[in-house]
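In case you want the letters, here they are:
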Amino acid sequence: MTHPPKDPSLEPSARFRREVPRRDFLGLAALWSFLTTGVVMTMGALRLPMPSLFPETGAKFRIGPPDRFPPGSRTRLPERGILVLRDEKGFRALDLVCTHLGCITRTEPDGSFACPCHGSRFDAEGNVVRGPAPSRLRFLAISRAPNGDLVVDRGTAVGPDRWTVA
Amino acid sequence: MRENLRDLPRAVRGSIVRHGATDSDRTRSQIVANNFFLHAQSARVHKHSLRPSTTWGLGLIALILFAILCVTGTLLMVYYKPSVDQAYDSVRDLGFIVPTGRMMRNVHRWAAHGMVLVVLAHMARVFYTGSYGGRRAFNWVVGMVLLVLTLGLSFTGYLLPWDQLAYWAITIGANIALSPREVTDALGLTATFDLGGLQKSLLLGSSTVGQEALIRFYVLHIVLLPVVLVAFLGVHFWRIRKDGGLNRPADAGARLGPDVRNGRAIFPEGSGKTYGLMALVRGRTGAVDRGPEHTVSAWPHLFQAEMLVLVLTTLAMLALGYLFDAPLKELANPSVPENPAKAPWYFLGLQELVSYSAFAGGIAIPAIAVLGLMLIPYLDREEETSGRWFAGPSGRRIAALSAVFAAAFVVAMLWFTVSVGWIRSWFPASPQWVITLCNPGTVYVVAFALWSAAFARRTRSTRMGAMALFTCFLVAFAILTYFATFLRGPNWDFYWSSSDWPAH
């Protein structure tokens, strides 16, 4: 049996047929919509573990009135993991969290700091003396509450030469 | 009807078990092929594969330990409460008010340690018998993924008891995830691209280890990682089957001697003619006109051997669980670090490296090691010695030589860092990037790379180069782990014995 000659006007354009046959077009469209759906859904799901707001208490906390810390004192506040220094120039707050891997450093008798986890040592001013710590212990910003209490901001590091005047 | 009733037991049995009496190799094959649980294994198994020295059963032991972990873990979930207020008490209660609770926890703990150990040993076995070549290359990569997943499962499980050890080990681990900041800080990129911060936030869901971290670790430990591990296990086993079962040397048949029974060859040698079943079977068909030399029915030979390994492994775990209690320190206290705060033993080698530089030891070197291991089958494509332990006597010599070199080098470096010091001891002001780039950990990497490159060049064999490198890696891992476990004390100082530790 022979086919009747085809009417050329019913054929899809030669150009279209050469590039993507109709059957392939549908297949490719299905494949790409499948892949797109998969990628979009995965990316959407991956957003879930990053909340817009982390569930932690505020970075600022009160440490009490200035006269809690007499001049020349170095007061360790274990529950906050900081050391409050007061000298003739004013107050400073040293963050005791080791800059290496987050352990709390201990105060040695000579005023220097030792990290129990990997042996980093810092001098009395918090500079790295030896060990793997990548940077010095941080000084934290101190401000005053309306009633005069000292307020330490764990979120803001300041230089070692920033005193808050008593 | 009455007849049907009378035949009921036989009909039920016949509907479940479809083979007849076990009286021929044909039915023995059917037992395996018709059983869902057995058919993952082939119906016939090569005698070489059954020899203990082929694998020492390590992959199977790892699988059994994983099964023990799933069973004991599910039972522990009945009582465990993933809340910072209740986790510690619920774990402690296991030892006092839950029947068999202490045993279940102990077995879970020792099986977890055992699984890491056995997976590492399995990797070493596959490497030293050269069983990663050719079509098995990708399965080696799957194996590396399984190793990483195993370590991830152990790491996430470590936090759950919520004791001091758990809390501080995970604090250290999370800050290792933060340590790419060492690099981004040095490049001044942290403000725009903070990879370390992102990793830590993803892991902890907070800036410190707390309730969010506990629940994330719990989900990873009991659902996400086990499910992913099972998927990769499936691929791992399936590919072994597809690649022709366990790897064996090309002359495995000759090594076993002629296949004889009662002094007569069972299968007379065939004509030696080979046939290609076009497009159906890869390679030449070896079984045409020849008997299946040196194979035996998997049922019962293989399954008996596997049952033996199963029983021995289970007994060993029960004995360990009976004799040794899993440790539980005091309740986690975020303001006083454990001193020394040690990770589980398989991470202690890394912890020693981390005590030189957090980024180099905690991220860069492990990444280089895992990537390097994954690339082995693609860089070394020699297959002549595949299936032979150490690729023969010359490989054995190179492995021994490399082990001695690596041991001497690591011990010398440890002595140097402990008694002389490192860059910061002489130049306290040296910038962090110098330490990150040049510390004992990176020195090991460079030294081992040079050592094995020299061997690869001298022997003109990538296999020998890989052998030297892998041996160095394994020996360094073992020595660093030993050193950090037994010779590091409070403040990560060096002590010959924990009896010398200062009281605090």
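Here the structure is shown first, and the text comes after it.
These lines cover the structure that appears in this document, whether it is placed above or below. Computed from a predicted model, the values in this text were never measured in an experiment.

## Some words on the overall build of chain B
And then number 1: In terms of regular secondary structure, chain B is built from 22 helices and four strands.
And then number 2: In terms of overall dimensions, chain B has C-alpha extents of about 85 × 70 × 50 Å along its principal axes.
And then number 3: When each of the 504 residues of chain B is scored for burial, the buried share is 38%.

## Quick word on the sheet that holds strand β8 (residues 128-130) of chain A
And then number 1: Sheet architecture is open: four strands sit in the order β5-β6-β7-β8 (chain A), paired in antiparallel fashion. At either end of the open sheet lies a strand with only one pairing partner, and these are β5 (106-107) and β8 of chain A.

## Description of the interface of chain A and chain B
And then number 1: In this complex, chain A contributes 24 residues to the contact, which on the side of chain B involves 31 residues.
And then number 2: Tallied by class, residues from the side of chain A that touches chain B come to 15 nonpolar, six polar and three charged.

## Some thoughts on the packing of helix α9 (residues 137-159) of chain B against helix α17 (residues 358-379) of chain B
Residue and element names in this part refer to chain B.
And then number 1: Relative orientation of the contacting elements α9 and α17 amounts to 165°, with a least axis distance of 8 Å. With respect to α17, the element α9 is oriented roughly antiparallel. Crossing of α9 against α17: the hand is right-handed. Residues Ala137, Trp140, Val141, Met144 and Val148 of α9 pack against Val370, Leu373, Met374, Ile376, Pro377 and Tyr378 of α17.
And then number 2: Here the contact of α9 with α17 is built from residues that sort into eleven nonpolar, no polar and no charged.

## Topic: the nonpolar core
For soluble globular proteins, nonpolar side chains are generally found buried alongside one another.
All names here are of chain B.
And then number 1: Of all hydrophobic cores here, the largest spans 126 residues; its most connected members are Leu65, Ala111, Met115 and Cys472.
And then number 2: With residues up to four places along the chain from it excluded, the contact list for Leu65 reads Ala111, Gly114, Met115, Val118 and Thr313.
And then number 3: In terms of nonpolar packing, the next biggest core, distinct from the first, is built from seven residues, Ile31, Val32, Ala43 and Ala298 among them.

Thresholds, definitions, all that
- Residues numbered from 1 in each chain as written.
- Chains lettered and ligands numbered in written order.
- Predicted model: local features only at pLDDT ≥ 70, side-chain atom pairs only at ≥ 80, totals over all residues.
- Helix = DSSP H or I, 4+ residues; strand = E, 2+ residues; numbered from the N terminus.
- Buried ≥ 20, exposed ≤ 12 C-beta atoms within 10 Å, placed from the backbone.
- Pairing = 2+ DSSP bridges.
- Contact = placed C-beta atoms within 7 Å.
- Nonpolar A, V, L, I, M, F, W, Y, C, P; charged D, E, K, R; others polar.
- Axes fitted to C-alpha atoms, helices over the stretch in contact; angles between N-to-C directions.
- Parallel < 35°, antiparallel > 145°, perpendicular 65-115°, else oblique.
- Left-handed = near helix turned anticlockwise from the far one by under 90°.
- Core = buried A, V, L, I, M, F, W, Y, C linked by C-beta atoms within 7 Å.

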